[in-house]
Amino acid sequence: MSEARALWEAMAGCVDRHRGRVAVVGSAEALSYEELGRRIREASGLLRAAPHVGFCLGNRPEYVILYFATLAAGHLPLLLDASFNTGEIEAIRDDCGLDALVLERAKAEALDLPGKVEPLPFDDNVVILPLARRGEPSYEARPTTEVCRFTSGTTGRPKCLEFSGHAVVSAARNWVLGTGMTGDDRTLCLAALSNGLAFNTSLLSTFLAGGELHFLKGAPLTRPVARRIAESGITRLIAFPTLYRNLTAPGGPDPSLLAGLRHAISAGAPLWPDVREEFRTLYGLDVSDYYGIAETGPVTFERDASHHAGLGQPLPGAEIRIAPGPGDEPGAGEVLVRTASMASGYLNHPGLFEARVDAEGFYHSGDRGRIVDGRLHLVGRTQDHINVAGRKIDPTEIVAVVSALAGVTDAVAFPDEDLNREALVHLVVVAASGELTRAAVAEACRSRLASYKVPGRISFVQEIPRTGVGKPRLAMLREQLNAKGSAA
Amino acid sequence: MNEDAQVAMKKRIQRLVYIAAGGKIREEDLGSGETDLRTIGLDSLGYLNLLEGLERTFGVAIDLDQEEDHSFLHTIDNIVRYVVAQRGEAA
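Residues numbered from 1 in each chain as written. Chains lettered and ligands numbered in written order. Predicted model: local features only at pLDDT ≥ 70, side-chain atom pairs only at ≥ 80, totals over all residues.

Moving on, we get to the overall build of chain B. Per the secondary structure count, chain B includes three helices and zero strands. Seen in sequence order, chain B has helices and strands lined up from the N terminus as α-α-α. Computed over C-alpha atoms, the radius of gyration of chain B comes to 12 Å, within 12% of the 12 Å expected from 2.2 N^0.38 for 91 residues, which places it in the range of a compact globule. Principal axes of the C-alpha set define a box for chain B whose edges measure 30 × 30 × 20 Å. Out of the 91 residues belonging to chain B, those deemed buried represent 31%. (Helix = DSSP H or I, 4+ residues; strand = E, 2+ residues; numbered from the N terminus. Rg over C-alpha atoms; globule rule 2.2 N^0.38 Å. Buried ≥ 20, exposed ≤ 12 C-beta atoms within 10 Å, placed from the backbone.)

Structure below.
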């Protein structure tokens, strides 16, 4: 059980301060801060027997209620990706300890986890699934840890990041301060709350400012999103690049529906420059630049709407240093970050986070960039992970799955793009016999990996070109695949 | 709806699925109208694009929360039947 209560104390203060105002708006009802507080207290009783509560749920008011109910009970919420499968959830249970899962009824039925679900008194579609522990978890959370979030790990074991309440409260306060959020703001959050950007820009920051947090039921299609923005007077949109692209595609919604929007923030993956430009032309608004890291929280934000280059200036509480390395152009280097909202470490990978933080407390991001006019500009990445819709995927995890298939003699996974310019994982396989099919490889991945890790493209080759030390020559491989594709 | 119109609609929907999937599905894999699109690579992002495409192309707004059973989106033939029904056209 967590000994620290900074996060719940901050939220309890919000409930008291803004009592009569509207706090959370779903599709069916709006909850005032007072009603939200009442439901949090009611729900905290349901979680009394669960020191560690996993959230495997899409955005909805019940997420907010149960998240703060877990904190109010003095327990530890662990925010899982809603697409995690049975194996990943079991790995988290074994590593970190999980006593209950909060999830949609349909998801509970789809998972292969024994237990009798308990419905919520205020929503029949969301259930609590008590989980029996299989012995003591391998790792114990720090006493200061108040919430855990996950990044992709290897071999189906998501890496669990621990955050102190002070770090989360600092991230939220600095976001409010740095972006000028007020009690008049109504935020429509379409990015998953387990994602760092949504978590930090929406979940607590909205309530600290006394604003409203809105959720959309159903798929985030452009017309319902635009209608909701107009009808609810939304001032801030937290979404992902695909939605912004769809909003700018021909046949999109009436631009006047978005007239009340003051901030449009894109999360997860870099926004395409032409989409940004088109959005500005159509809606008269810039999609805000932002840079954040799972391990450090939000780092930059562009306050000046007329400034279009780079990823913005450091937020309050965030410092950036550029550390030049061999091969970097003048002024460029690795981006080092120190914030007031840093993670404490990886619960199930001791020492991994610490190894990336230097003696002065700067986190070595693996991104390369430079500072121009006080703004951060990224020029590349040195890390090996693949970023698909804001989720970092370790290619070795996919290669491990496919390498276990009979007849596979070599494989490599690397980042690629589909025809819509969306990032995907491209898996290239060398098979000893010609009997292995794409469908069989895809099915093996689907059965072992979360859906977002399943390769979007699978190619077969005779041989993967490698260096003398066995590293794949990706540029050469891409050329071969392109030549093969155009010849086909 | 006559047979020619239905064949034309099927072709348009096959194209919409191909575009929605960003080319991750090969056009030859879409030939059979009965293939489960989820097993050949239509992921959640692809479905989001497909729903946008169906709405813009056929004026069919699909609210997944109103539909308990989503199998009408699982194959090309099911999508054709759904669009025809939504548009009030006789199959």
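So, on to the interface of chain B and chain A. Taken together, the 18 residues of chain B in the interface contact 21 residues of chain A. Among the residues making up the side of chain B that touches chain A, the classes are represented as five nonpolar, six polar and seven charged. (Contact = placed C-beta atoms within 7 Å. Nonpolar A, V, L, I, M, F, W, Y, C, P; charged D, E, K, R; others polar.)

Take the sheet that holds strand S25 (residues 408-417) of chain A next. All names here are of chain A. If you walk across this open sheet you meet the three strands as S25-S26-S27, and the pairing is mixed. Lying at the two open borders of the sheet, with one neighbouring strand each, are S25 and strand S27 (457-460). Adjacent strand axes in the sheet meet at a mean angle of 20°, parallel and antiparallel pairs treated alike. Pairing of strand S26 (residues 423-431) with S27, which is carried by four bridges, proceeds in the parallel orientation. (Pairing = 2+ DSSP bridges. Axes fitted to C-alpha atoms, helices over the stretch in contact; angles between N-to-C directions.)

Turning our attention to the packing of helix H1 (residues 6-17) of chain A against helix H6 (residues 165-179) of chain A. Residue and element names in this part refer to chain A. Running from amino to carboxyl end, H1 crosses H6 at an angle of 40°, the nearest separation of the two axes being 7 Å. As the angle between them shows, H1 and H6 are arranged oblique. When H1 is examined against H6, the residues Ala-6, Leu-7 and Ala-10 are found in contact with a partner set consisting of Gly-165, His-166, Val-168 and Val-169. For the contact of H1 with H6, the residue count by class is five nonpolar, two polar and no charged. (Parallel < 35°, antiparallel > 145°, perpendicular 65-115°, else oblique.)

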